[in-house]
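Letter by letter, the chains look like this.
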Amino acid sequence: MVKTVIQRAAIVSIFCTLLVGLQPTQAQTAQQELEFRVTKPSHKLEMVVNSSRILKLDKEIPRAMVNNPNIVRVVPISPNKVQLSAAQPGVTEVNLWDENGNLHTVNLIVTGDARELDMLLKSEFPQASIRVRPLRTAVVLSGRVDRTEDVTRIIQLADDYYPKVINNVTVGGVQQVLLNVQVMEVSRTKLRALGFDWAAIGQGDFVVQSVSGLIGEFAPDAGSVSGAGGATVNFGIVGNDASFYGFLEALRENNLAKILAEPKLVTVSGRPASFNSGGEFPILVPQSLGTIGIEYKQFGTRVDFVPIVLGNGAIRLEVRPQVSELDRANGVSVQGDRIPALRTRWADTAVEMRAGQTLAHAGLIQTRIESQNRGIPWLADLPWAGDAFRRVEEVQNEIELVVTVRPELVDALDPHEAPACLPGSQTTSPQDTELYFRGYLEVPRCCADGSCSRCQADGIPAQGETIIHGPVEAVPADGSAPLPDLNQGAFRSPQIYRPGAVSRGASTVVPASAESATRSPRPNVTTEKSTGDPGLFGQVGYDVLDYQKR
């Protein structure tokens, strides 16, 4: 008992000794952090509002002066020490003179107190590297974060401390941007035309009027007139001595054209990307010595864009969508070869928007009216009778064009998110009967492993089945009998061994285990019809056909 008491007393004595030895060391460390030793003629010191520091010289300080007492206050506490108390943010100087008259200047910078905000950001966002720099009436946030949505939350916290937040936070890592572009154009054309050409042929004279260009060939000796193909109404009065032929063009035509291009393109932040869906057509280029060169020019739908992911959740886009098509009507001829022109709609601009938002950054509304009055002078101006000597035409074209962009931040799909089927994966080539007699170009794929009745009727082995050659005898469904010997009997056409006791024709199916013996046989005809979209991208080929009824 006495020995135990002595041991406990020794342990307590050692602990007290260590504690007493540590307390002066910690106090000395805190004192060294609080004191600032002035050893040079010029020093730089940073302080936070409502904090204090002690300036210490090796000699006595008989005099001290502050340039701006509103920023910091100086209080002497010993012959060689003065205490500085920061009152408000700013920049000032503290001058100290030693007993020998030497001047020591301390350039003092006092910043706002943002320690509470700094500690809050470090606790809420431990993975982020954020630096807080307070100003007079604002705060500057800089650093990097891992996710874009963290920037908005950080700014919301800083708004509670300062009326103005200057955001210099950047998002680290690679950001993938999916750009959805829509180019929609509607062109409406209205045409109205009226023209009349005629020819009068007598025994020794004739009169032909072809201002509208409706008369093609005229043979006065034979007394025949043929039209050029533009007339809508042809008529004639033919007699023994005279004939009259009339060609009337009375036309009203309305045309409508709609163009909808929806290109999609994915790239990372800061990297330019291009997308083109169309083709190339050759252009003949004359060269020296009478030779001809060939150059190819692209047409179709093209998108060029550069995305820049900003720290506040916005995306800056430099976008140039372009839609072009061949225009053979305005083409040119080079050495007898017709080269088509290009009709192009494009826009080149830069926008700033948030992910998921849609912005119409280009548009056009154009109305073009073209009128033509062609006729014989003086005769075409006659009232009523002038219609027989002129042609009038009016073409009115209205174009509406809108280009919209919608950026999205995307990531790759996980294995369980990948689409189960892609375009064309649920259809297959038709059989001879379906192609020749029914006219089908593709038919639904019944199953993925070839185990349905239709695939089995064609002799397609299912996944996991074994092809057996030779005669096969029926066995009980409980799986008590072994597999037949493959070497017995003459070889016949290949038969299919699959689980389940189902007999079809000369082939017999042998169960692989007793568990599969209770499987019911599949029907020989599939009569299902799809009630929805079986695939990710809509209807897949034709509906499932009822082959028995057909």
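Residues numbered from 1 in each chain as written. Predicted model: local features only at pLDDT ≥ 70, side-chain atom pairs only at ≥ 80, totals over all residues. Heavy atoms only, no water.

## Some details on the overall build of the chain
Applicable threshold: Only DSSP runs of H or I with at least four residues qualify as helices, and only runs of E with at least two residues qualify as strands; both kinds are numbered from the N terminus onward. Relative accessibility under 20% of the residue-type maximum defines a buried residue, over 50% an exposed one, and the middle range a partly exposed one, all with a 1.4 Å probe and only protein chains included. The contact rule is simple, with two residues in contact once any of their heavy atoms fall within 4.5 Å. Accessible surface area values rest on a Shrake-Rupley calculation with a 1.4 Å probe, where residue burial reflects the displayed protein chains alone.
If you tally the helices and strands in the chain, you get five helices and 31 strands. For the chain, the proportion of its 550 residues judged to be buried stands at 31%. Taking contacts inside the chain between residues at least 6 apart in sequence as the whole, the part at least 24 apart equals 57%. For the chain, the accessible surface area stands at approximately 35,100 Å², while carbon and sulfur atoms represent 52% of it.

## Considering the side chain of Ser212
We apply this condition: Any pair of N or O atoms that falls within 3.5 Å is considered a polar contact. Within protein, one atom must be able to donate a hydrogen and the other to accept it, and sequence-neighbouring residues count only if both atoms are side-chain atoms.
Here Ser212 lies in the loop between strand 13 (206-209) and strand 14 (215-219). Classification of Ser212 by relative accessible area gives buried; the value is 10%. For Ser212, the side chain forms a polar contact with the main-chain nitrogen of Phe196, separated by 3.4 Å.

## Remarks on the pattern of salt bridges
Put simply, the rule is: Salt bridges, as used here, are contacts in which a Lys or Arg side-chain nitrogen is within 4 Å of a carboxyl oxygen on Asp or Glu.
Considering all chains together, one arrives at 17 salt bridges under this definition. Across the pair Asp327 and Arg343 runs a salt bridge whose closest N-O atoms are separated by 3.4 Å. Placement of the pair is Asp327 in strand 21 (residues 314-334) and Arg343 in strand 22 (residues 337-346), with a sequence separation of 16 residues. Judged by its relative accessible area of 43%, Arg343 falls in the partly exposed class. Through salt bridges that share partners, Glu185, Glu325 and Arg345 make up one connected network.

## Observations concerning the environment of Glu400
Turning to its location among the elements, Glu400 is positioned in strand 25 (residues 390-410). You can call Glu400 partly exposed: its relative accessible area is 41%. A C-alpha to C-alpha distance of 5.3 Å links Glu400 and Val186, two positions 214 residues apart in sequence. Residue contacts for Glu400: discarding those within four places in its chain leaves Met184, Glu185, Val186, Arg188 and Leu364.

## Describing the sheet that holds strand 11 (residues 164-171)
This is how the line gets drawn: Strands qualify as paired when DSSP identifies two bridges or more between them. Every axis in this analysis is a line fitted to C-alpha atoms, fitted for helices over the stretch in contact. Angles between the N-to-C directions lie between 0 and 180 degrees.
Spatially, 9-10-11 is the arrangement adopted by the three strands of the open sheet, whose pairing is mixed. Whereas interior strands pair on both sides, the edge strands pair on one side only; in this sheet they are strand 9 (129-134) and strand 11. Looking at each pair of strands side by side, their axes are set apart by 10° on average, direction ignored. When strand 9 meets strand 10 (residues 138-145), the two strands line up antiparallel, connected through six bridges. Note on strand 10: the bridge partner recorded for Ile130 is Gly143. Each of strand 9 and strand 10 touches helix 2 (residues 115-124); the most contacted strand, strand 9, lies at about 165° to it.

## Considerations on helix 3 (residues 149-159)
Structural remark: α-helix, 3.6 residues per turn; residues separated by three or four positions point the same way. Heads up, the rule is: When we speak of the arc, we mean the arc of directions from the helix axis to the C-beta atoms.
Turning to helix 3, its buried residues are Asp150, Val151, Ile154, Ile155 and Ala158. Axial view of helix 3: buried residues confined to an arc of 135°, hence all on one face.

## Regarding the confidence of the model for the chain
Low-pLDDT portions of the prediction should not be read for the details of their coordinates. Applied cut-off: For every residue, the predictor reports its confidence as pLDDT, a number between 0 and 100.
Per-chain confidence: the chain averages 76 in pLDDT, with 74% of residues scoring 70 or above. Ignoring residues within four places in sequence, the model shows residues 17-32, a span with pLDDT below 50, making one contact including any to other chains. A low-confidence stretch, residues 483-550 (pLDDT under 50), is modelled with 126 contacts involving residues beyond four sequence positions or located in other chains.

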